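Residue-level listing of the chains:
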Amino acid sequence: MDRRRATGVIGEDAAEAYVRRLGWRVLDRNWRFGHHGELDLVALQPGPGSLGTIVFCEVKTRRGLGWGSPLEAVTRTKVDRLQTLSLEWLRAHDVRCDRVRIDAIGVILWPSRPLEVRHAKGVTQ
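First things first, this report covers the structure right here in the doc. Fair warning: this is a prediction, and the values are worked out from it, not measured in the lab.

The subject of this paragraph is the overall build of the chain. Regarding its fold elements, the chain presents 2 helices and 5 strands. Reading the secondary structure of the chain in the N-to-C direction produces α-β-β-β-α-β-β. Taking 2.2 N^0.38 as the reference for a compact globule, 125 residues should give roughly 14 Å; the C-alpha atoms of the chain span a radius of gyration of 14 Å, in line with that estimate. Taken along its principal axes, the extent of the C-alpha atoms in the chain is 40 × 35 × 30 Å. Among the 125 residues that make up the chain, the fraction classed as buried is 42%. Sequence separation of at least 24 residues holds for 52% of the intrachain contacts in the chain that already meet a minimum separation of 6. Of the roughly 7,300 Å² that the chain leaves accessible, carbon and sulfur atoms contribute 50%. One finds the centroid of the 21 positive side-chain charges in the chain at a distance of 3 Å from the centroid of its 15 negative side-chain charges.

Listed below in structure tokens is the structure:
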């Protein structure tokens, strides 16, 4: 596995652990829809007295900030693609929920300290 892919896997593992610590249930990971792309993480965020929110998470990982914050890599074009992919995921799965949302999770792998997770909720708004 090349270094770039290994970095991505570490970040996705960290993001999955992070959402699980929030009490979310992971529904899918690395879901692909043909040549249209991939959803990194799909999770169910419970809601009080409701079915909850399905959250489609884009995970970006960096080994420091030399190329900017990982969250800066979630562009308008990427968000548009995530909206399309999330609709396709919902069509392909029989999951009930109250709401859906697209979030971005940035993971920074610092060379000399623990990794850092940054979470931006509702990146389409």
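Picking up where we left off.
Next up on the list: the environment of W89. Summarising the element assignment, W89 is placed in helix α2 (residues 76-92). Residue classification places W89 among the buried positions, given a relative accessible area of 1%. As a C-alpha pair, W89 and V74 span 15 residues in sequence and 19 Å in three-dimensional space. Setting aside its immediate chain neighbours within four residues, W89 contacts L27, D28, W31, L39, V42, I54, F56 and V95.

With 17 residues, α2 should cover 24 Å at 1.5 Å per step; its first-to-last C-alpha distance of 24 Å lies within 8% of that length. Those residues of α2 that fall on the buried side of the exposure criterion are K78, V79, L82, L85, S86, E88 and W89. On its buried face, α2 is in contact with β1 (25-32), β2 (38-45), β3 (53-62) and β4 (99-108).

Looking at the element boundaries, Q45 is found in strand β2. By relative accessible area, which is 18% here, Q45 ends up buried. A polar contact of 2.9 Å, which involves the side chain of Q45, links it to the side chain of R101. If we skip the residues at most four places from it in the chain, Q45 touches W24, G52, T53, V55 and R101.

What counts, and at which threshold
Residues numbered from 1 in each chain as written. Predicted model: local features only at pLDDT ≥ 70, side-chain atom pairs only at ≥ 80, totals over all residues. Heavy atoms only, no water. Helix = DSSP H or I, 4+ residues; strand = E, 2+ residues; numbered from the N terminus. Rg over C-alpha atoms; globule rule 2.2 N^0.38 Å. Buried < 20%, exposed > 50% of the residue type's maximum accessible area, 1.4 Å probe, protein only. Contact = heavy atoms within 4.5 Å. Areas by Shrake-Rupley, 256 points an atom, 1.4 Å probe, with all protein chains shown as cover. Lys, Arg positive; Asp, Glu negative; His and termini not counted. Charge placed at Lys NZ, Arg CZ, Asp CG, Glu CD. Expected span 1.5 Å × (residues − 1). Polar contact = N/O pair within 3.5 Å; in protein donor to acceptor, adjacent residues only side chain to side chain.

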